[in-house]
Amino acid sequence: MIGLGLRLVLNGGREAITRLIVLTVAVGLGVGLLLTAVAGTNAVTTWNNSHAWLWTGTSAVPPGPAAGIAPLWWHPSGDTFDGQQIDRFDVAATGASSPVPPGITHDPGPGQYYASPALAALLRSTPANQLAERYPGRLAGTIGDAALSSPNSLIIIIGHTPAQLAGTPGSVPVTSIAATVPGRFDDRLNPEGLAYMPTNAGIESSGIDLILSVIALGMLTPVLIFIATATRLSAARREQRFAAMRLVGATRRQVSLLAATESTAAAVLGVAAGFGMFFLLRTPVAGIPFFGEPFFPGQLSLSPADILAVAIGVPVAAVVAARLALRRVHISPLGVARRVTPRPPRAWRTLPLLAGLAELGFFAVRGGQLSVGAETQVLLSGFLLIIVGLIIAGPWLTMAMARVMARRTSRPGALIAARRLADDPRAAFRAVSGLVLALFITTVAVVAISTQDTKDLTRFGSAAEANVLTDQLAGQQGPASQGTPGPAAPAAPLAAQLRGIPGVQGVVVVRAVPGLTIPGTLPGLGTSPFGPPGPVPAGVVSCAQLATVPALGRCPAGATAAAFPAAGFGFGAYNSLFGTDPTGITWPAVNVPASRLDSLEVNAINVATNGTVPAVEQARTVLENAHAYPGVSAPSTLGDLIAQDDSSNNAYRQLANTVILVSLPIAGCTLAAAIAAGLADRKRPFSLLRLTGARLAMLRRVVTLESAVPLLAVAAVAIGTGFAAAAEYASVAQHHPMAAPGAAYYLITAGGILVSLGIIAATFPLLKRITGPEVARNE
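First, a word on scope: everything that follows refers to the structure included in this document. (Residues numbered from 1 in each chain as written. Predicted model: local features only at pLDDT ≥ 70, side-chain atom pairs only at ≥ 80, totals over all residues. Heavy atoms only, no water.)

**Observations concerning the overall build of the protein**
Then, number 1: In terms of regular secondary structure, the protein is built from 23 helices and 12 strands.
Then, number 2: For the protein, buried positions account for 51% of its 779 residues.
Then, number 3: Restricting the contact set of the protein to residue pairs at least 6 apart, pairs at least 24 apart contribute 81%.
Then, number 4: Carbon and sulfur atoms make up 63% of the accessible area of the protein, which totals about 33,200 Å². (Helix = DSSP H or I, 4+ residues; strand = E, 2+ residues; numbered from the N terminus. Buried < 20%, exposed > 50% of the residue type's maximum accessible area, 1.4 Å probe, protein only. Contact = heavy atoms within 4.5 Å. Areas by Shrake-Rupley, 256 points an atom, 1.4 Å probe, with all protein chains shown as cover.)

What follows is the structure in structure tokens.
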């Protein structure tokens, strides 16, 4: 029977060959997308693991073995160039057995450094006084891909002598390189008590499960629906052929074997085509910035288990689907031939959908903070129930809408469409199920992004303040690390050097005065989101210098010195002035003679620029090379600090956008495949209608209504459910009221529906060709 089945597939005439080609192409497209989505989930895990070594030296990572290993002095810090974040690591090996970071063969010696390929290219293409002069020594080589999360990663490892780093604040001796990303990023102090988190920290290992779940639900589910739709192409025509075989004496086993052979042949060819499609797509897909940066093509890999699961699972699933499709043939071949109406779906199908909404709603009403693991479990199970519920409830909703349409219309086309929808709502919904799921995913993703944007909306000072480069020496990190004020003597020549840079408009040096504070009630001061306002620790500034930087406020008339916030206006859990616009603030006068200012130690240096890259980066280079001032962090503008703070949110936003852009085209492919299959299965009934006098225009209305009614009805439910789920997600995970999306969401939604209607209209020429009188003949 297997040989007969293969002969029927290959020698069954033009219709059999066409059916095989269509099935192979459809399954191949679905398998290619499935492999790409699976490889994407593997790439996310590999990408995140590549950040592990950046956490070396923090208490968030357990120390490694120390016996027989010479310590490596390790000093992590961050740097910035033109808005791009750079991870910098100053190291000093104390012996041949000192640990070596990944990506290099040995630790750099004094006067050497290793840079990532992207940073090495940036160093070559940028004037030295804007970047290269910050890093002592010469380029000894590039860091290999094993240490990088992306081709765009900017990382530098600089070698020193042990004596140089041993006395530098923030340096720690390590005996091993971290191999895992911390489960939580909250605990990130190094043994010296200095707070540090890598510029590109990756994702908390406890949160990566949620990310992979989003990818699985948002990308894999539409692909699986597409494959299921593709395997049912010409299902009704196959039922008729196999029913005819049963009527002439074929046994159930023989028919089942023939069906399995036909499905397996198409599935095997489709799987082979799908693997070829995956390898063609791997490099272009790797360039998509899922988390704000592209992958290496090698990160989009498939494990042996993935390959076996797809190579065996898809043909097996095709055989199972073919076996299930023969259920009515086995029960009654005459029932297939006479098209007996299947049982209508029941209202119980709405229960999973309601259960998913109820689960999320319960935790939204309950309130309180859940642990990361519990939150992930609640969200994953709730959204899974909702997605499965939409698919299960779809046929019942389609049937209900068809019955309403039948009661409210008297036009022949609408009545025929309503009757056919009510007759087989499962097949009608199957055509639009992919788009319905895409609309739900799009709604949840866009609303979640809008809510996060609203949650993070803060007035970050003025435009002029954003161009002020601040080198904060003390007080930036709060109680855990107050920093040490710099010595007084070098400040004057340093300020003169800074003022000599083209584009620098003024320099304000904040001097340290122990015990000096500014009242929290001073007009214009902001309040902290971390606690109630109170006295603000302050230093003192020269009014003559402050007058050259009006973005930082002004002095009272006649004053020579004024109190100024010691911690500036940058982000910090202990900075009550984050987001404050100081432009209009008059700072309190301080009775410190101008002659004494130059003798005070330095808290911070603020450099006002015109905002151009050369001015900002030259000033940053000068400040970083002022070794008399070992700042807690690299000099930053307010824009740099905001970009660092928003980096994780931007990564999640990019992931959501990727899910949207992937799910909508897949849904369109599913709709096109389902409509084509539906027309092929119904060409004889439509041909008979035309022979009885029905006009082609009426048949077009029937096709339009049969596809558009379930599309619009269930899409409305999906969008409404998406808003409800997004509101509950905002309460459970974002701890903020849901924010309405912007115009882009409505344009995307309307565009997706219009494209779907366009796909339906594109089948009209095919309808005319396949409903000619010759199709109505008996075979």
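**Focus: a nonpolar patch on the surface**
Then, number 1: Taken together, Leu308, Ile312, Val316 and Val320 make up a surface patch of nonpolar side chains, about 360 Å² in accessible area.
Then, number 2: By the secondary structure assignment, Leu308 is in helix H8 (residues 304–325).
Then, number 3: Its relative accessible area of 52% is what places Leu308 among the exposed residues. (Patch = residues over 30% accessible without salt bridge, like charges linked within 9 Å, V, L, I, M, F, W, Y side chains within 5 Å. Salt bridge = Lys/Arg side-chain N within 4 Å of Asp/Glu carboxyl O.)

**Describing the state of the cysteines**
Note on terminology: a disulfide is the covalent bond linking the sulfur atoms of two cysteines.
Then, number 1: Per the counting criterion, the structure on display carries 1 disulfide.
Then, number 2: Each sulfur in the disulfide pair Cys543 and Cys555 lies 2.2 Å from the other. Sign of the S-S torsion, about -100° for the bond between Cys543 and Cys555, identifies this disulfide as left-handed. Remark: Cys555 occurs in the loop between helix H16 (543–546) and strand S10 (561–565) and Cys543 occurs in helix H16; sequence separation between them is 12 residues. Across this residue pair, the class does not change: Cys543 and Cys555 are buried. (Disulfide = S-S within 2.5 Å.)

**What about the sheet that holds strand S1 (residues 72–81)?**
Strands in a sheet are paired, the pairing made by backbone hydrogen bonds, and the direction either parallel or antiparallel.
Then, number 1: Read from one edge of the open sheet, 6 strands run S4-S3-S5-S2-S1-S6, paired in mixed fashion. The two strands at the open ends of the sheet, each matched to only one other strand, are strand S4 (138–142) and strand S6 (172–174). Across the sheet, the mean angle separating the axes of adjacent strands is 35° when strand polarity is ignored.
Then, number 2: In this structure, strand S3 (residues 112–115) lies alongside S4, joined through 4 bridges in parallel fashion. Pairing of Ala115 across the sheet is with Thr142, part of S4.
Then, number 3: Of the strands in this sheet, S1, strand S2 (84–93), S3, S4 and strand S5 (155–159) are in contact with helix H3 (residues 117–125), which crosses S3 at around 115°.
Then, number 4: Those strands touched by helix H18 (residues 613–624) are S1 and S2, and its axis lies near 155° from that of S1. (Pairing = 2+ DSSP bridges. Axes fitted to C-alpha atoms, helices over the stretch in contact; angles between N-to-C directions.)

**So, the packing of helix H11 (residues 351–366) against helix H21 (residues 696–734)**
Then, number 1: With their axes 8 Å apart at the nearest point, H11 and H21 run at an angle of 30° to one another. Considering the angle they form, H11 stands roughly parallel to H21. Relative to H21, the crossing made by H11 is left-handed. Contacts between H11 and H21 involve Leu353, Leu357, Leu360, Gly361, Phe363 and Ala364 on the former and, on the latter, Thr721, Ala724, Ala725, Glu728, Ser731 and Val732.
Then, number 2: Split by residue class, the contact of H11 with H21 holds 8 nonpolar, 3 polar and 1 charged. (Parallel < 35°, antiparallel > 145°, perpendicular 65-115°, else oblique. Left-handed = near helix turned anticlockwise from the far one by under 90°. Nonpolar A, V, L, I, M, F, W, Y, C, P; charged D, E, K, R; others polar.)

**Some details on the nonpolar core**
Then, number 1: Ile386 and Phe440 are the most contacted members of the largest nonpolar core, which has 56 residues in total.
Then, number 2: Elements that contribute at least two residues to this core include exactly H11, helix H12 (372–408), helix H13 (412–423), helix H14 (425–455), helix H19 (638–681), H21, helix H22 (743–761) and helix H23 (764–770).
Then, number 3: The element that contributes the greatest number of residues to this core is H21, accounting for 14 residues.
Then, number 4: Once residues lying within four places of it in the same chain are set aside, the contact partners of Ile386 are Leu353, Gly356, Leu357, Leu360, Phe440, Thr721 and Ala725.
Then, number 5: In terms of nonpolar packing, the next biggest core, distinct from the first, is built from 29 residues, Val541, Cys543, Val549 and Leu552 among them. (Core = buried A, V, L, I, M, F, W, Y, C linked by side-chain atoms within 4.5 Å.)

**Quick look at the environment of Arg620**
Then, number 1: Secondary-structure assignment places Arg620 in helix H18.
Then, number 2: The exposure class assigned to Arg620 is buried, which follows from its relative accessible area of 1%.
Then, number 3: Other than its neighbours up to four places away in sequence, Arg620 contacts Asp79, Thr80, Arg134, Leu469, Pro635, Ser636 and Asp640.
Then, number 4: At a separation of 3.2 Å, a polar atom in the side chain of Arg620 contacts the main-chain carbonyl oxygen of Thr80. (Polar contact = N/O pair within 3.5 Å; in protein donor to acceptor, adjacent residues only side chain to side chain.)

**With respect to the sheet that holds strand S11 (residues 602–609)**
Then, number 1: Strand order in the open sheet formed by 6 strands is S10-S9-S8-S11-S7-S12, with antiparallel pairing between adjacent strands. The two strands at the open ends of the sheet, each matched to only one other strand, are S10 and strand S12 (636–637).
Then, number 2: Across the sheet, helix H15 (residues 491–499) lies against strand S8 (504–518) and S11, angled at about 150° from S8, the strand it touches most.

**Remarks on the pairing of S2**
Then, number 1: Counted residue by residue, S2 has 8 buried out of 10 residues, so it is predominantly covered.
Then, number 2: As defined by bridge partners, S1 adjoins S2 across 10 bridges and the pair is classed as antiparallel. Within S2, the residue paired with Phe81 across the bridge is Gln84.
Then, number 3: The loop that links S1 with its antiparallel partner S2 comprises 2 residues; one of these, Asp82, has a positive phi angle of about 50°.

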